[in-house]
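Here is what each chain is made of, one letter per residue.
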Amino acid sequence: MSEPVAKLPNPDTSAAEPVDSSAMSRRSLLGGMGALAAAATAGSLPAVLAPTTAEAEIGPVLGANRLAVAVAKRQELMARMQAVGSTAHPDNGDEARYPNLIGSYSKGMPHNAIGEVRPAAYSKFVKALNSGLNADFEAIPRGGARPQTSPQSGLSFDPEGNDPHQFVQPPAPAFASAEEAGEIVENYWMALLRDTRFTDYAESDLAHAAADELSGLTDFRGPKEGGVVTPQTLFRDVLPGCTTGPYISQFMLLGTPFGTEYVERRQRTLVKGSDHMTNFADWLAVQNGNVPTSARFDSVRRYLRNGRDLSEWVHIDVLFQAYFNACLILGTPPEPGNLPTGGGLGAPLNPGNPYVGSLTQAPFATWGPPFIKATLCEVASRGLKAVWWQKWFVHRRLRPEAFAGRVHVHLSGLADYPIHSDVLNSEVLDRVWSKTGSWLLPMAFPEGSPTHPAYGAGHATVAGASVTILKAFFDENYVIPNPVVPNGNGTKLVRWEGEPLTVGGELNKIASNVATGRNIAGVHWRSDALESLRLGEAVAIALLRDHKSCLHEQGSFTFTKFDGTTITI
């Protein structure tokens, strides 16, 4: 029924050329540095070296010695990367398991009448991934107007941290598994609850019905209270702090100081009920790469109230926007006196920052505001390279919208697919049918998902990486004063009274909000979000280790990881 699918080779990083260090040894370098230090201690070096036309420099490491130290630092970073070694990248086996490729990503390629990718097109797609040749990527057949999104990015190298191919994500849940079933049932409920305010979940019959059904599934891995999903844990993450307090992080609500400017956080959002791809013709057109409908926008800007608002926020955000906002809020002091709100929190720095407690120095170029912001943005590109490798060259997981198409085709009697009974017997499918007349997943975006595979998730990887950087630089135990939530129609913020909200918990929550917001929009799965948050965290930790080894000051980064353990770098 299909043409053979090429097997992707495992990446080989063992052939990296060794650095020629014959010109100097680490022992001679350190010996030279030791002699220099000893001479300075003995007083044989003047406190200030007199400038000459040939040499006008001062400092503990000078001239050729400085260059030698710089070379040794580069070698140290390379040795750390090399010690990680080449890694295996197992997938869930769906691509080899199903000759009709029903468990694999194929968006934008030509499909048959029931939404199965044309095998010849998929073979050309895999040929391009195997060869890496631009000509082969240009030869991937298109079913519509939308191109594939940046597949060659997954083959890029990085100058810092680990090589992108050294990071590993576990296999995604398989097509026929109970875990995949639990995730798509959650996606359906997320779609039905998009217009319900997060603050109303406790009183919402629909939210209670969602929590009850998710609690009874064979394999659902969202957070629970007393062994069951509750309205408080609904659509949240297992990261520390994510089930505490309001659903939306304070960093998604508080105004953002931007130098002398100030950004209020009300946003352009969509009108109630503006879902897409609820009939099969539109669904098939989108799978082929076309966009048959358009969005309908609300005329009023609002604070984030519900899944509809959050979906639109994560639709067109600058990829590290949420965390840059959080950084500005954290690092900017509150405004004095009775001025209108426009300042930030002025949160304390991480206790490991070497300038904490200093009376004579303040951090700036290193350990300070410019360094923090540059590192925050830098890690985003590192994370994208790592996750784009996972997407295109390892997992190639289908999107939830495509899985829902399989459900619709199966229940319509057009094909027989191995879909777990937890999906087929779910209450949520009956509710979706009653609302739309199909079993398709109502999508928040007219175009549905992006044209790249689901697993891992780019937004979630950048979220995990960027939030890790912020936890490394700010005190995660600082309690946020005067927390807020939107009022009923989202036009202003009101005081929230409840348990304390910490910087660490709200940073984890903003990462979850962005990652899970993509799930609520229908474009990602729960495991896409969680495993990609972890991937981003690993990318950030590797980058922080490299940065730390190149900094002169004797500081450290101590913070709580997403699994609840503490790490010090």
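Quick word on the overall build of the protein
Part 1 of the reasoning: Each helix and strand counted, the protein has 17 helices and 6 strands in total.
Part 2 of the reasoning: Put simply, the protein has 569 residues, and 54% of those count as buried.
Part 3 of the reasoning: Contacts spanning at least 24 positions in sequence make up 77% of the contacts within the protein whose residues lie at least 6 apart.
Part 4 of the reasoning: For the protein, the accessible surface area stands at approximately 24,000 Å², while carbon and sulfur atoms represent 55% of it.

With respect to the pattern of salt bridges
Part 1 of the reasoning: Scanning all chains against the criterion turns up 28 salt bridges.
Part 2 of the reasoning: With a closest N to O distance of 3.2 Å, glutamate 183 and arginine 397 form a salt bridge. A residue pair is termed long-range when its members are at least 10 positions apart, and glutamate 183 in helix H6 (residues 178-192) and arginine 397 in the loop between helix H11 (369-395) and helix H12 (400-411) qualify at 214 residues. For the pair glutamate 183 and arginine 397, a shared accessibility class is recorded, and that class is buried.
Part 3 of the reasoning: A salt bridge links aspartate 275 to arginine 308; the shortest N-O distance between them is 2.7 Å. Taken together, the residues aspartate 275 in the loop between strand E2 (261-263) and helix H8 (280-287) and arginine 308 in helix H9 (residues 307-316) connect sequence positions 33 residues apart.

Details of the nonpolar core
One broad rule of soluble globular proteins: the nonpolar side chains tend to lie buried together.
Part 1 of the reasoning: Grouped together as the largest cluster of nonpolar side chains are 137 residues, with contacts concentrated most on Leu234 and Tyr323.
Part 2 of the reasoning: Here the element with the most residues in this core is H11; it accounts for 12 residues.
Part 3 of the reasoning: In this structure leucine 234 touches Leu193, Tyr201, Ala207, Ala210, Ala211, Leu214, Val229 and Tyr247, once residues within four positions along its chain are discounted.

Things to note about the confidence of the model for the protein
Part 1 of the reasoning: On average, residues of the protein score 91 in pLDDT, and 89% of them reach the 70 mark or higher.
Part 2 of the reasoning: Note that residues 1-52 has pLDDT below 50 and, in this model, 64 contacts with residues that lie over four places away or in other chains.

Notes on the side chain of glutamate 476
Part 1 of the reasoning: Locating glutamate 476 in the fold gives a position in the loop between helix H15 (458-473) and strand E3 (484-486).
Part 2 of the reasoning: It is lysine 471 that comes nearest to the buried, bridge-free glutamate 476 among opposite-charge side chains, at 5.3 Å.
Part 3 of the reasoning: One polar contact links glutamate 476 to threonine 560, side chain to side chain, over a distance of 2.6 Å.
Part 4 of the reasoning: The contact partners of glutamate 476, leaving out residues within four places of it in the chain, are Lys471, Thr502, Val503, Gly504, Phe559 and Thr560.

Focus: the packing of helix H10 (residues 321-331) against H15
To describe two helices that pack against each other, one gives the angle between their axes and the distance between the axes.
Part 1 of the reasoning: H15 packs onto H10 with a crossing angle of 20° between their chain directions and a minimal axis gap of 9 Å. If you check the angle between H10 and H15, you find them roughly parallel. Along this stretch, H10 crosses H15, giving a crossing that reads as right-handed. Counted together, Tyr323, Ala326 and Cys327 of H10 and His459, Val462, Ala463, Ser466, Val467 and Leu470 of H15 form the full contact between these two elements.
Part 2 of the reasoning: For the contact of H10 with H15, the residue count by class is 7 nonpolar, 2 polar and no charged.

So, helix H4 (residues 119-131)
An α-helical turn contains 3.6 residues, so any two residues separated by three or four positions project in the same direction.
Part 1 of the reasoning: The end-to-end C-alpha distance of H4, which contains 13 residues, comes to 18 Å, matching closely the 18 Å that a straight helix rising 1.5 Å per residue would cover.
Part 2 of the reasoning: Buried within H4 are the following residues: Ala121, Tyr122, Ser123, Phe125, Val126, Ala128 and Leu129.
Part 3 of the reasoning: Those residues of H4 that are buried lie in contact with helix H3 (94-97), helix H5 (134-138) and H11.
Part 4 of the reasoning: Positioned one or two residues after H4, glycine 132 has a phi angle of 75°, which is positive.

Considerations on the environment of phenylalanine 559
Part 1 of the reasoning: Turning to its location among the elements, phenylalanine 559 is positioned in strand E5 (residues 558-560).
Part 2 of the reasoning: A relative accessible area of 0% places phenylalanine 559 in the buried class.
Part 3 of the reasoning: It is 8.9 Å that separates the C-alpha atoms of phenylalanine 559 and phenylalanine 473, two residues lying 86 residues apart in sequence.
Part 4 of the reasoning: Those residues in contact with phenylalanine 559, other than ones at most four positions away along the chain, are Thr468, Lys471, Ala472, Glu476, Ile541, Leu544, Thr565, Thr566, Ile567 and Ile569.

Notes on the side chain of arginine 396
Part 1 of the reasoning: Along the chain, the position of arginine 396 falls in the loop between H11 and H12.
Part 2 of the reasoning: With a relative accessible area of 3%, arginine 396 lands in the buried category.
Part 3 of the reasoning: For arginine 396, the side chain forms a polar contact with the side chain of glutamate 95, separated by 2.7 Å.

What to know about the environment of proline 500
Part 1 of the reasoning: Topologically, proline 500 is positioned in the loop between strand E4 (493-495) and helix H16 (503-520).
Part 2 of the reasoning: The class of proline 500 is exposed, set by a relative accessible area of 59%.
Part 3 of the reasoning: Taking the C-alpha atoms as reference points, proline 500 and isoleucine 480, 20 residues apart in sequence, are found 7.4 Å from one another.
Part 4 of the reasoning: Apart from residues no more than four positions distant in its own chain, proline 500 is found in contact with Thr244 and Val479.

Brief notes about unusual backbone geometry
In most cases, non-glycine residues show a negative phi, while peptide bonds are predominantly trans.
Part 1 of the reasoning: Note that the residue after tyrosine 455, namely glycine 456, is joined by a cis bond; omega there is -5°.
Part 2 of the reasoning: Assignment of secondary structure puts glycine 456 in the loop between helix H14 (427-436) and H15.
Part 3 of the reasoning: Phi at leucine 101 is positive, roughly 60°, even though this residue is not glycine.
Part 4 of the reasoning: If you check the backbone angles, tryptophan 367 has positive phi at about 65° while not being a glycine.
Part 5 of the reasoning: With respect to the secondary-structure elements, tryptophan 367 resides in the loop between H10 and H11.
Part 6 of the reasoning: A relative accessible area of 1% places tryptophan 367 in the buried class.

A word on the environment of proline 171
Part 1 of the reasoning: Mapped onto the secondary structure, proline 171 falls in the loop between H5 and H6.
Part 2 of the reasoning: Proline 171 gets classed as partly exposed once you look at its relative accessible area, which sits at 39%.
Part 3 of the reasoning: Between the C-alpha atoms of proline 171 and glycine 93, which are 78 residues apart in sequence, the distance is 8.5 Å.

Rules behind the numbers
Residues numbered from 1 in each chain as written. Predicted model: local features only at pLDDT ≥ 70, side-chain atom pairs only at ≥ 80, totals over all residues. Heavy atoms only, no water. Helix = DSSP H or I, 4+ residues; strand = E, 2+ residues; numbered from the N terminus. Buried < 20%, exposed > 50% of the residue type's maximum accessible area, 1.4 Å probe, protein only. Contact = heavy atoms within 4.5 Å. Areas by Shrake-Rupley, 256 points an atom, 1.4 Å probe, with all protein chains shown as cover. Salt bridge = Lys/Arg side-chain N within 4 Å of Asp/Glu carboxyl O. Core = buried A, V, L, I, M, F, W, Y, C linked by side-chain atoms within 4.5 Å. pLDDT = per-residue confidence, 0-100. Lys, Arg positive; Asp, Glu negative; His and termini not counted. Polar contact = N/O pair within 3.5 Å; in protein donor to acceptor, adjacent residues only side chain to side chain. Axes fitted to C-alpha atoms, helices over the stretch in contact; angles between N-to-C directions. Parallel < 35°, antiparallel > 145°, perpendicular 65-115°, else oblique. Left-handed = near helix turned anticlockwise from the far one by under 90°. Nonpolar A, V, L, I, M, F, W, Y, C, P; charged D, E, K, R; others polar. Expected span 1.5 Å × (residues − 1).

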